[in-house]
Amino acid sequence: MTEADFKEGDAVRHKAGGPKMIFVGTSQTGHAICEWFDKGQRQDSFSFSALEKYEPPKAFVGTVSRA
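The structure displayed is predicted, hence computed values, not measured ones. (Residues numbered from 1 in each chain as written. Predicted model: local features only at pLDDT ≥ 70, side-chain atom pairs only at ≥ 80, totals over all residues. Heavy atoms only, no water.)

1. Points about the nonpolar core
In terms of nonpolar packing, the biggest core is built from 10 residues, these being Phe6, Val12, Met21, Phe23, Ala32, Cys34, Trp36, Phe46, Phe48 and Leu51. Looking at this core, the elements with two or more residues in it are β2 (21-26) and β3 (32-37). It is β3 that provides the largest number of residues to this core, a total of 3 residues. When near neighbours in sequence (up to four residues on either side) are disregarded, Phe6 contacts Met1, Val12, Phe23, Phe48, Leu51, Glu52 and Lys53. (Core = buried A, V, L, I, M, F, W, Y, C linked by side-chain atoms within 4.5 Å. Buried < 20%, exposed > 50% of the residue type's maximum accessible area, 1.4 Å probe, protein only. Helix = DSSP H or I, 4+ residues; strand = E, 2+ residues; numbered from the N terminus. Contact = heavy atoms within 4.5 Å.)

Have a look at this one:
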């Protein structure tokens, strides 16, 4: 993805996994600045190509068979 695919406040995730983060802006070096909470507030920058929009896990919907 590119910088144009994100707007401030978007929920994002690193493609390799990890926590849900919030995109808060672009650094002077052209990287995405993201914040998340992990025993306190954290902030780091990532390449835009390493991020994807966060999709919440799909809830399992189905029937349960009982023996």
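Still more to cover.
2. Points about the side chain of Ser27
With respect to the helices and strands, Ser27 occurs in the loop between β2 and β3. On the basis of relative accessibility, which here comes to 18%, the residue Ser27 falls in the buried class. Here the side chain of Ser27 touches Thr29 through a polar contact of 2.9 Å, side chain to side chain. (Polar contact = N/O pair within 3.5 Å; in protein donor to acceptor, adjacent residues only side chain to side chain.)

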